[in-house]
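Report on the structure
Here is what each chain is made of, one letter per residue.
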Amino acid sequence: MPQILFVEDDKDLSAVVNEWLTADGYTVEVAHDGLTGWEFLRQYNYDVVILDWNLPGLSGPEMCNRYRAGGGVAPVIMLTAKSQITEKMEGFDSGVDDYLTKPFNLKELSARLRALLRRPQAVVTNVISNGYIELDVVKRRITKGGVEVHLLPRDFELLEFLMRHLDEVFSSEALLQRIWGSDAEATSDALRTSIKRLRQKLDVGDSDAQSFIENIPRVGYRLRRLT
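Before going into details, it helps to say that this report is about the structure given with it.

Helix and strand counts for the chain stand at 8 helices and 11 strands. Across the 227 residues in the chain, those meeting the buried criterion constitute 43%. Considering only intrachain contacts with a sequence separation of at least 6, the fraction spanning at least 24 residues in the chain is 56%. In the form shown here, the chain has an accessible surface area of approximately 12,200 Å², with 48% of it arising from carbon and sulfur atoms.

Summed over all chains, the structure comprises 12 salt bridges. Among the ionic pairs, Asp98 bridges to Arg112, the shortest N-O distance being 2.9 Å. Taken together, the residues span a long stretch of sequence, with Asp98 in strand β5 (residues 98-101) and Arg112 in helix α5 (residues 106-117) at a distance of 14 residues. Judged by relative accessible area, which is 16%, Asp98 ranks as buried. With a closest N to O distance of 3.8 Å, Glu214 and Arg224 form a salt bridge. With a gap of 10 residues between them, Glu214 in strand β10 (residues 213-216) and Arg224 in the segment after β11 (220-223) connect regions that are remote in the sequence. Exposure remark for Glu214: the relative accessible area of 18% places this residue in the buried category.

Strand order in the open sheet formed by 5 strands is β2-β1-β3-β4-β5, and the pairing between neighbours is parallel. The sheet is open, and its two borders are formed by β2 (27-31) and β5, each paired with just one other strand. With direction set aside, neighbouring strand axes in the sheet form an average angle of 20 degrees. Bridge count between strand β3 (residues 48-52) and strand β4 (residues 76-80): 4 bridges; the pairing is parallel. Looking across to β4, one finds that Asp52 is bridged to Leu79.

The rules behind the values
Residues numbered from 1 in each chain as written. Predicted model: local features only at pLDDT ≥ 70, side-chain atom pairs only at ≥ 80, totals over all residues. Heavy atoms only, no water. Helix = DSSP H or I, 4+ residues; strand = E, 2+ residues; numbered from the N terminus. Buried < 20%, exposed > 50% of the residue type's maximum accessible area, 1.4 Å probe, protein only. Contact = heavy atoms within 4.5 Å. Areas by Shrake-Rupley, 256 points an atom, 1.4 Å probe, with all protein chains shown as cover. Salt bridge = Lys/Arg side-chain N within 4 Å of Asp/Glu carboxyl O. Pairing = 2+ DSSP bridges. Axes fitted to C-alpha atoms, helices over the stretch in contact; angles between N-to-C directions.

So this is what it looks like as structure tokens:
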């Protein structure tokens, strides 16, 4: 029986959807705020995640960003009243697989769920490698050429995110949103300092031009694919 996490702060809507999906053969876990939903995501495995966009505590896109950055692979459906293309792009950029605009038909929701569940499940590994760097997501361990390197928690999260998106360019604003979220310390200086520490710990060259984290002028940063 497929396991679904449904995070929706409208309790009347969540009750209706819960009843519908339960009758449709799903096991449903319901949370009414983003922080509770995030705790469920951290502790349990689900076959599909359904998120409202606007949630107290932590928004749907913020939850999805954290989930994907942490290696979560379950399909995510975003339920929202937002319909502008730029807003939909923001949702898809955060790792959303499908998008359903409120008000929606329950039969359409069921059809979207069946389509997502038919997709092949991604292969999940605890260890991410890039050349001489290995990152163990579960043990929170980094090695450089087999030698363990100790990082601050935020630096670890930034490195993990970049290693999951090799050769992709991200603006400073995008990295701050994905890693720092709404934290008061989410500043450009904090990002530059974190990148400087990563370079000091993990680079093998002596200059920024040789760094494994490449600075793209006026665009952002990307992590080079190492050989």
